[in-house]
Amino acid sequence: MDKSALISKLAIKNGLMLAAVSIIVSLTLHFIDPVLIYTSFAAQIGIFVLFIVLLVVVGINIRKEIGGFWTFGEAFKAYLIISLILALTATLYNVILMKFVDPDLPQRAAAAIEEAQRAMMEKFGMASEQIDEAIAKGGNMQEKLEPTFKNIFTSFGVSLALYGVLSLILSAILKKKQPVTFDSFPKEG
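Residues numbered from 1 in each chain as written. Predicted model: local features only at pLDDT ≥ 70, side-chain atom pairs only at ≥ 80, totals over all residues. Heavy atoms only, no water.

Draft legend 1. Quick look at the overall build of the protein. Summing up its helical and strand segments, the protein has eight helices and zero strands in all. Rg of the C-alpha trace for the protein: 22 Å, well past the compact-globule value of 16 Å for 189 residues, more than 25% over. Projected onto its principal axes, the C-alpha positions of the protein cover 85 × 40 × 30 Å. Here the protein, with 189 residues, has 31% of them falling under the buried criterion. Residue pairs in contact within the protein that sit at least 24 positions apart in sequence constitute 79% of those at least 6 positions apart. Working note: accessible area of the protein is about 12000 Å², and carbon and sulfur atoms make up 67% of it. Across the protein, the centroid of the 17 positively charged side chains sits 13 Å from that of the 16 negatively charged ones. (Helix = DSSP H or I, 4+ residues; strand = E, 2+ residues; numbered from the N terminus. Rg over C-alpha atoms; globule rule 2.2 N^0.38 Å. Buried < 20%, exposed > 50% of the residue type's maximum accessible area, 1.4 Å probe, protein only. Contact = heavy atoms within 4.5 Å. Areas by Shrake-Rupley, 256 points an atom, 1.4 Å probe, with all protein chains shown as cover. Lys, Arg positive; Asp, Glu negative; His and termini not counted. Charge placed at Lys NZ, Arg CZ, Asp CG, Glu CD.)

Next up, the structure:
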């Protein structure tokens, strides 16, 4: 199997594995508190850090399995495949969760987000009228969370863009050139 095909195969395998981890983490948090992920900055940062660590580990493992060296382009290809799988999985998971498993979640999450925003603004000493105006400017959060075609497409696009940027960064960090040695030069016959 050539190197490019092996990278694709390993990226698909690891992308599906990370997608399963993502679903398990999301379901666990949902069962603990359905609105936690929408209201807890610490939970959001924790999940972000966890997935960066997992993406680095996966990248290093793929690089080892293909011989220990890969170019920026090869690393980016692997991360792009993984990113596509993660973005698709997250989008499908959210649609299934909000349409079939817990259809009241957008309403509850919107109320929890508004309550958290209100509490934060009160801590900053904002007046009640200013808080109401700021929340009104933010728009209807429930409409933004409902799994409509527009929201699904937007969510997928944003996820893919964020994963794409992360893929560029990780590819630049994890690329590794094969060292040039005197033994690798062609010999005269």
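Draft legend 2. Inspection of the environment of tyrosine 38 at higher detail. Within the secondary structure layout, tyrosine 38 lies in helix 2 (residues 36–39). Since its relative accessible area comes to 22%, tyrosine 38 is described here as partly exposed. For the pair tyrosine 38 and alanine 110, spaced 72 residues apart in sequence, the C-alpha to C-alpha distance is 8.4 Å. In contact with tyrosine 38, other than residues within four places in its own chain, are Gln44, Met98, Leu105, Ala109, Ile113 and Leu145.

Draft legend 3. Layout of a nonpolar patch on the surface. Taken together, the side chains of Phe41, Ile45, Phe48, Val49, Val53 and Val57 define a hydrophobic patch exposed on the protein surface, amounting to about 570 Å² of accessible area. Within the element layout of this structure, phenylalanine 41 appears in helix 3 (residues 41–65). The exposed category is assigned to phenylalanine 41, whose relative accessible area is 62%. (Patch = residues over 30% accessible without salt bridge, like charges linked within 9 Å, V, L, I, M, F, W, Y side chains within 5 Å. Salt bridge = Lys/Arg side-chain N within 4 Å of Asp/Glu carboxyl O.)

Draft legend 4. Region of interest: helix 8 (residues 149–174). Taking 1.5 Å per residue as the helical rise, helix 8 with its 26 residues ought to reach 38 Å, and the 36 Å between its terminal C-alpha atoms agrees with that figure. Of all the positions in helix 8, only Asn151, Phe156, Ser159, Tyr163, Gly164, Leu166, Ser167, Leu170, Ser171 and Leu174 are classed as buried. Along its buried surface, helix 8 packs onto helix 3, helix 4 (72–101) and helix 7 (141–145). (Expected span 1.5 Å × (residues − 1).)

Draft legend 5. Broad picture of the packing of helix 3 against helix 4. At a minimum axis distance of 11 Å, the contact between helix 3 and helix 4 shows a crossing angle of 135°. As the angle between them shows, helix 3 and helix 4 are arranged oblique. Where helix 3 crosses over helix 4, the handedness of that crossing is right-handed. Contacts between helix 3 and helix 4 involve Leu55, Val56, Val58, Gly59 and Ile62 on the former and, on the latter, Ala78, Tyr79, Ile82 and Leu86. (Axes fitted to C-alpha atoms, helices over the stretch in contact; angles between N-to-C directions. Parallel < 35°, antiparallel > 145°, perpendicular 65-115°, else oblique. Left-handed = near helix turned anticlockwise from the far one by under 90°.)

Draft legend 6. Focus on the side chain of serine 167. Within the secondary structure layout, serine 167 lies in helix 8. Classification of serine 167 as buried rests on a relative accessible area of 1%. Here tyrosine 79 takes part through its backbone oxygen, which lies 3.4 Å from a polar atom of the side chain of serine 167. Sequence-distant contacts of serine 167, defined by excluding residues within four places in its chain, comprise Phe76, Tyr79, Leu80 and Ser83. (Polar contact = N/O pair within 3.5 Å; in protein donor to acceptor, adjacent residues only side chain to side chain.)

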